[in-house]
Amino acid sequence: MTGFSIKEYIRLRRLSVAAETLLSSKVKIIDLALRLRYDSPETFLRAFRKAYGQTPSAFRKSAQEAALFPPIDPRGPPTASCASGGCPQPRFAYYREQTLWGRSLRTSLAGGKNLLDIPRFWDRLGDSGLLALDSSECFYGVYDEWAGEDDFTLFAGREKKVGRFPVRFTVPAARYAVFTLEPFDPVLATPLWNSIYGNWFPDAGIERTDRLVDFERYSGDFGRMEIFIPVKE
C-alpha cells in the first residue's frame, strides 16, 4: 500500500523527527539519539549525515529548513482526483523562524481589488531596489492579518536588511507543505494557489494550521517560486 518496507518507513520517520527536533529545540544530540532508539550516538551521526549531508550539530547551526517524511495515512492513498493528477503534490518541511525586511500592502479579495493592488505594489518594490537580490538570497511574500475572509496584509521582504525598508516581519517556525512552481510564471501563480485550496486540501486529508501564515518564497533570480502552507502533522 505504501511502497515502503516497515524498516525503511521507520528509518525515514526517525530521521524526519530528528531533523525537525534539531531545528525546533535545544535537546542534546546524544539525548536525541537515545530517544529515537539508535544503538549509539555514532550510529545516529552516520545515519543523519547520510540522509542530510551534514552532521547533526552542523545541520542545527546552518540549516534553515528540514525536509520531512510525514506519517502515512493508514486509510490508504488519496482520492481519485489527486491520484489522477488533479491537484499539485507538495514536499513537506520544517521551516525555522525567519526575520524579513521590506514593505507591506493592505488589500482585499473583495471585488478582485488584490488583482489590481498587488501588481502595482510589485512595481513599486522594483523601483525601490528591494528586488535586487544576490543569487544566495531569497525574496518572500507573506499573507497575514486577515480580517474576515477578504481583507489581508501582504508583507514583501528579503532576508538581509538593505537600505531603508521600514517593515520588519517574522515568518514563524512551523511544519509546512511546500508547492513548487519552476520555472516561475506569474500567470500560473494564482491557478496554483486555487488548486492547493480547491483540490489538494479537500483530497489530501491534511489539516491547515490556521493560526500561522502562508507565504511565497522566490529564488534570487526569480526563476522559482515556492508556496508554504502551515500544516498539522
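Below you will find a few notes about this structure.

### Focus on the nonpolar core
Nonpolar side chains tend to gather and get buried jointly when the protein is soluble and globular. Phe-48, Phe-59 and Ile-227 are the most contacted members of the largest nonpolar core, which has 45 residues in total. The element that contributes the greatest number of residues to this core is helix α7 (residues 186–204), accounting for six residues. Counting 17 residues, the second largest nonpolar core, distinct from the first, contains Val-142, Tyr-176, Val-178 and Phe-228.

### Considerations on the pairing of strand β6 (residues 167–171)
Residues Val-167, Phe-169 and Val-171 point to one face of β6 and are all buried, whereas Arg-168 and Thr-170, pointing to the other face, are not buried. Sheet topology note: the strand β3 (residues 98–108)/β6 ladder contains five bridges and is antiparallel. What sits directly across from Thr-99, in β6, is Thr-170.

### Topic: the pattern of salt bridges
Summed over the entire model, instances satisfying the criterion amount to 13 salt bridges. Its salt-bridge partner being Arg-217, residue Glu-65 comes within 2.8 Å of it at the nearest N-O pair. In this pair, Glu-65 sits in strand β1 (residues 65–68) while Arg-217 sits in strand β8 (residues 214–218), placing the two residues 152 residues apart along the sequence. Residue classification places Glu-65 among the buried residues on the basis of a relative accessible area of 18%. Judged by relative accessible area, Arg-217 falls into the buried class, the value being 10%. Put simply, Arg-208 and Asp-210 hold a salt bridge, and the shortest N to O gap is 3.6 Å. Judged by relative accessible area, Asp-210 falls into the exposed class, the value being 65%. Through salt bridges with shared partners, one network takes in Glu-65, Arg-91, Arg-217, Arg-224 and Glu-226.

### A word on the pairing of strand β2 (residues 91–95)
Within β2, four of the five residues are buried, which leaves the element mostly enclosed by the surrounding structure. Across four bridges, β1 lies against β2 in antiparallel orientation. Paired with Ala-66 across the bridge in β2 is Tyr-94. Alignment of β2 against strand β7 (residues 174–181), held across five bridges, turns out to be antiparallel.

### Description of the side chain of Arg-208
Of note, Arg-208 is situated in the loop between α7 and β8. Note on Arg-208: relative accessible area 17%, which makes it buried. Here Tyr-197 takes part through its side chain, which lies 2.9 Å from a polar atom of the side chain of Arg-208. In this view, Arg-208 contacts Tyr-197, Phe-201, Val-213, Asp-214, Ile-229, Pro-230, Val-231 and Lys-232; residues no more than four positions away in its chain are not counted.

### Brief notes about the packing of aromatic side chains
Overall, the coordinates contain 29 aromatic pairs when judged by the stated rule. Ring geometry for Trp-122 against Phe-222: centres 6.4 Å apart, planes inclined by 80 degrees, an arrangement best described as edge-to-face. With a gap of 100 residues between them, Trp-122 in helix α6 (residues 113–128) and Phe-222 in the loop between β8 and β9 (225–230) connect regions that are remote in the sequence. Phe-222 gets classed as partly exposed once you look at its relative accessible area, which sits at 21%. A ring pair is formed by Phe-215 and Phe-228, whose centres lie 4.4 Å apart and whose planes are at 10 degrees; its orientation type is stacked.

### Some details on unusual backbone geometry
Of note, the bond from Glu-182 into Pro-183 is cis; its omega dihedral lies within 30 degrees of zero at 0 degrees. Note that Pro-183 resides in the loop between β7 and α7. One non-glycine residue, Arg-37, adopts positive backbone phi at about 65 degrees. Relative to the helices and strands, Arg-37 resides in the loop between α2 (29–35) and α3 (41–52). The exposure class assigned to Arg-37 is exposed, which follows from its relative accessible area of 67%. Not every positive phi belongs to a glycine, and Phe-222 is a case in point at roughly 60 degrees.

### Remarks on the sheet that holds strand β5 (residues 151–158)
On the basis of which strands lie adjacent, the open sheet formed by nine strands has the order β1-β2-β7-β9-β8-β4-β5-β3-β6 and antiparallel pairing. The open sheet has two free edges, formed respectively by β1 and β6, since each of these has just one partner strand. Here the average twist between neighbouring strands, direction ignored, is 35 degrees. Contacts from helix α1 (residues 6–24) reach β1, β2 and β7 within the one sheet, and its direction differs from that of β1 by about 160 degrees. Contacts from α7 reach β2, β4 (139–147), β7, β8 and β9 within the one sheet, and its direction differs from that of β9 by about 30 degrees.

Parameters and conventions
- Residues numbered from 1 in each chain as written.
- Predicted model: local features only at pLDDT ≥ 70, side-chain atom pairs only at ≥ 80, totals over all residues.
- Heavy atoms only, no water.
- Core = buried A, V, L, I, M, F, W, Y, C linked by side-chain atoms within 4.5 Å.
- Buried < 20%, exposed > 50% of the residue type's maximum accessible area, 1.4 Å probe, protein only.
- Helix = DSSP H or I, 4+ residues; strand = E, 2+ residues; numbered from the N terminus.
- Pairing = 2+ DSSP bridges.
- Salt bridge = Lys/Arg side-chain N within 4 Å of Asp/Glu carboxyl O.
- Polar contact = N/O pair within 3.5 Å; in protein donor to acceptor, adjacent residues only side chain to side chain.
- Contact = heavy atoms within 4.5 Å.
- Phe/Tyr/Trp six-rings, centres within 6.5 Å; stacked < 30°, edge-to-face > 60°.
- Axes fitted to C-alpha atoms, helices over the stretch in contact; angles between N-to-C directions.

That is the geometry; function is a separate question.
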